[in-house]
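# Reading the structure
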Amino acid sequence: MIKPRNKAPEIDINLVNDTRWKFSDQKAENFVMILFYRGKHCPICKKQLEELQRKLHKFTERGISVIAISSDTEKVAKETYDEWEISEIPIGYEFPIEEARKWGLFISSGIKKEPDHFIEPGMFLLKPDGTMYWESIQSMPFGRPGFNDVLAGIDYI
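Residues numbered from 1 in each chain as written. Predicted model: local features only at pLDDT ≥ 70, side-chain atom pairs only at ≥ 80, totals over all residues. Heavy atoms only, no water.

### Section: the pattern of salt bridges
The condition is simple: Any Lys or Arg side-chain nitrogen found within 4 Å of a carboxyl oxygen on Asp or Glu counts as a salt bridge. To qualify as a helix, a DSSP run of H or I must reach at least 4 residues; to qualify as a strand, a run of E must reach at least 2; elements of each kind are numbered from the N terminus. Relative accessibility decides the category of a residue: with a 1.4 Å probe and only protein chains considered, values under 20% of the type maximum give buried, values over 50% give exposed, and everything between is partly exposed.
One pass over the full model with this rule turns up eleven salt bridges. The salt bridge involving Glu74 is made with Lys78; its shortest N-O contact spans 2.9 Å. With Glu74 and Lys78 both in helix H2 (residues 74-83) and four residues apart, this pair spans about one turn of that helix. Since its relative accessible area comes to 23%, Lys78 is described here as partly exposed. Note that Glu79 is salt-bridged to Lys75, the shortest N-O span being 2.7 Å. On the criterion of helical spacing, the pair formed by Glu79 and Lys75 is a turn pair, its members being four residues apart in helix H2. By relative accessible area, which is 24% here, Glu79 ends up partly exposed. Shared partners join several salt bridges into a network, and the residues in it are Lys40, Lys75, Glu79 and Glu83.

### Focus: the pairing of strand S3 (residues 31-36)
Put simply, the rule is: Two strands pair under a simple rule: DSSP has to find at least two bridges between them. The definition of a right-handed crossover adopted here requires that, viewed with the strands pointing away, the path from the first strand over the helix to the second runs clockwise.
Among the six residues of S3, six are classified as buried, and the element is accordingly described as predominantly covered. Here S3 shows a buried face lined by Phe31, Met33 and Leu35 and a second buried face lined by Val32, Ile34 and Phe36. Relative to strand S4 (residues 64-69), S3 runs parallel, the two being bridged by six bridges. When the sheet's bridge partners are listed, Phe31 is paired in S4 with Ile64. Handedness of the crossover is the feature at issue here: the chain leaves S3, passes through helix H1 (residues 43-61), returns alongside S4, and the resulting connection is right-handed.

### Here's the deal with the nonpolar core
Rules: Only buried Ala, Val, Leu, Ile, Met, Phe, Trp, Tyr and Cys residues count toward a nonpolar core, and they belong to the same one when joined by side-chain atoms within 4.5 Å. The contact definition used throughout considers only heavy atoms, calling two residues in contact when any of these lie within 4.5 Å.
Counting residues in each nonpolar core, the largest one holds 26 residues, and the members touching the most others are Met33, Leu49, Leu52, Phe59 and Ile64. At the level of elements, S3, H1, S4, strand S8 (122-126) and helix H4 (147-156) are the ones that each hand at least two residues to this core. A per-element tally of this core places H1 first, with five residues. Setting aside residues no more than four positions away along its own chain, Phe59 makes contact with Met33, Leu52, Ile64, Val66, Phe147, Val150, Leu151 and Ile154. The next biggest cluster of nonpolar side chains, apart from the first, holds 22 residues, and it includes Ile34, Ile69, Leu105 and Ile119.

If you want it as structure tokens, here you go:
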């Protein structure tokens, strides 16, 4: 688990638009928000990311860069991007389970049509230098912070 005021591990990940996203290349004015989600199999993730899409401009206005990341395969992540209403959110895929553990994320074993293993939700707000500022980690798909609450917290900061 990464504690506040400590450096987070570098993320260098493929995006569904066939580009790469690297934390150290980000030029966020205030923060970078990294949102880890369970994957395409999760209806709560769909709802959360579509809400983020609707509020993305509110984050951008506050100088915050955003990315959403899952451990889904490239094929599944691209299907997610095409089927969900999330066209403006950078979507990273194939985040390694070993890397997720470094972030303190919970790992679940799939049942039914879920992947064999996948990461549980987490939201991280990092300063532009990669220092952890705020984190929220869930062991289940429920109880994620609402984006209005996150925005209110950012405004307070």
